[in-house]
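Take a look at the letters that make up each chain.
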Amino acid sequence: MQSLLPVALLLPLLLVPLALLARRRRGRRTPPLRLLVVAGSGGHTTEILRLLSCLSESYSPRHYIFADSDKMSEAKIRSFEQKRAETFSNSQFTLDRIPRSREVRQSWTSSVVTTLYSLLYSIPLTYRLKPDLILCNGPGTCVPVCISALLLRLLGIKRTIIVYVESICRVETLSLSGKILYYFSDYFIVQWPDLKEKYPKSVYLGRIV
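Here is what the cut-offs are and how they apply
- Residues numbered from 1 in each chain as written.
- Predicted model: local features only at pLDDT ≥ 70, side-chain atom pairs only at ≥ 80, totals over all residues.
- Heavy atoms only, no water.
- Buried < 20%, exposed > 50% of the residue type's maximum accessible area, 1.4 Å probe, protein only.
- Helix = DSSP H or I, 4+ residues; strand = E, 2+ residues; numbered from the N terminus.
- Right-handed = clockwise from strand over helix to strand, strands pointing away.
- Pairing = 2+ DSSP bridges.
- Contact = heavy atoms within 4.5 Å.
- Axes fitted to C-alpha atoms, helices over the stretch in contact; angles between N-to-C directions.
- Expected span 1.5 Å × (residues − 1).
- Polar contact = N/O pair within 3.5 Å; in protein donor to acceptor, adjacent residues only side chain to side chain.
- Core = buried A, V, L, I, M, F, W, Y, C linked by side-chain atoms within 4.5 Å.

Engineer: I keep staring at the pairing of strand E2 (residues 62-67) and nothing clicks. Help me out?
Structural biologist: Regular strands have side chains that alternate between both faces of the sheet. In terms of burial, E2 is largely enclosed, as 6 of its 6 residues are buried. As for the winding sense of the linkage, the β-α-β connection from strand E1 (residues 35-38) through helix H2 (residues 44-52) to E2 is right-handed. Where E2 lies against strand E3 (residues 93-98), 6 bridges are found, and the strand directions are parallel. Following the sheet pairing, Ala67 is matched in E3 by Ile98. In this view, the connection linking E2 to its parallel neighbour E3 by way of helix H3 (residues 73-87) has right-handed handedness.

Engineer: I'm lost on the sheet that holds E1 in this one. Help?
Structural biologist: For sheets, the rule is that strands pair by backbone hydrogen bonds, running either parallel or antiparallel. Within the open sheet, the 7 strands sit side by side as E3-E2-E1-E4-E5-E6-E7. Their pairing is parallel. Looking along the sheet, the strands with just one partner apiece sit at the ends: E3 and strand E7 (203-204). With 4 bridges joining them, strand E4 (residues 133-136) and strand E5 (residues 161-165) adopt parallel strand pairing. Opposite Ile134, over in E5, you have Ile162 as the bridge partner. Here H2 sits on the sheet and contacts E1, E2, E4 and E5; the angle it forms with E1, its principal contact strand, is near 155 degrees. Taken strand by strand, H3 contacts E2 and E3, and its axis lies near 165 degrees from that of E2.

Engineer: Could you clarify how one ought to interpret helix H5 (residues 142-154) in this entry?
Structural biologist: Residue pairs three or four apart in sequence face the same way in an α-helix, which turns once every 3.6 residues. Helix length check: H5 (13 residues) gives 18 Å between terminal C-alpha atoms against 18 Å at 1.5 Å per residue, within 8%. For H5, the full list of buried residues reads Cys142, Val143, Pro144, Val145, Cys146, Ser148, Ala149, Leu150 and Leu152. Downstream of H5 by one or two residues, Gly156 has phi in the positive range, about 75 degrees.

Engineer: Help me understand the side chain of Ser73, please; the structure alone is not making it clear to me.
Structural biologist: You can see Ser73 is positioned in helix H3. Reaching out from Ser73, the side chain makes a polar contact with the backbone oxygen of Gly40 at a distance of 3.4 Å.

Engineer: How should I be thinking about the nonpolar core in this particular structure?
Structural biologist: Among soluble globular proteins, nonpolar side chains are generally buried collectively. Judged by nonpolar contacts, the single largest core of 23 residues is most densely connected at Ile134 and Cys136. Elements that contribute at least two residues to this core include exactly E1, helix H4 (108-129), E4, H5, E5 and strand E6 (187-190). Looking at this core element by element, the count peaks at 6 residues for H5. When neighbours within four sequence positions are excluded, Ile134 is seen to be in contact with Leu36, Val38, Val145, Cys146, Ala149, Thr160, Ile161, Ile162 and Val163. Core analysis: the second largest hydrophobic core is formed by 22 residues, Leu35, Leu52, Phe66 and Val163 among them.

Below is the structure:
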């Protein structure tokens, strides 16, 4: 089986120059990179935390956002951050909840309404956090958060780089969140070659989680 270490190291090397470039264009030189991470129920949080374990202490503070009905992500994040603090003494993170934008098997019609409702909470939160980088991997919650960041970019308030990593479970088709954010993310990363063929804008790095 192909070694995962080289790919795990490649991801942070890809993200750091992007965030630094965004800062330079605005004439700022603040060392830490404010990272916003969208967590989700099921395996989404587990996968995103595996990615974060590869990142250096430059990604601080880390702002986690997850759905208010998500009962598991907070415990996983706190456990991860507690272990991380043993290595990085200045480790900082925050936790925020927003209304869930879409439940499993929820109808398209009602999903539009709940996503708009979630967006109303996401916009002021994203404005307050003003992240340099958003990292997400597919939970429905990431859609209103990323749209909020795009609105801030269009208004000239904050240039946030959006990096979307499709879940390892998606072998031949994208998730609904992926199908939406494929067109809006700055970097769209897939973990299977079939998806790279179907979606040429994507970046194929092999398995990274």
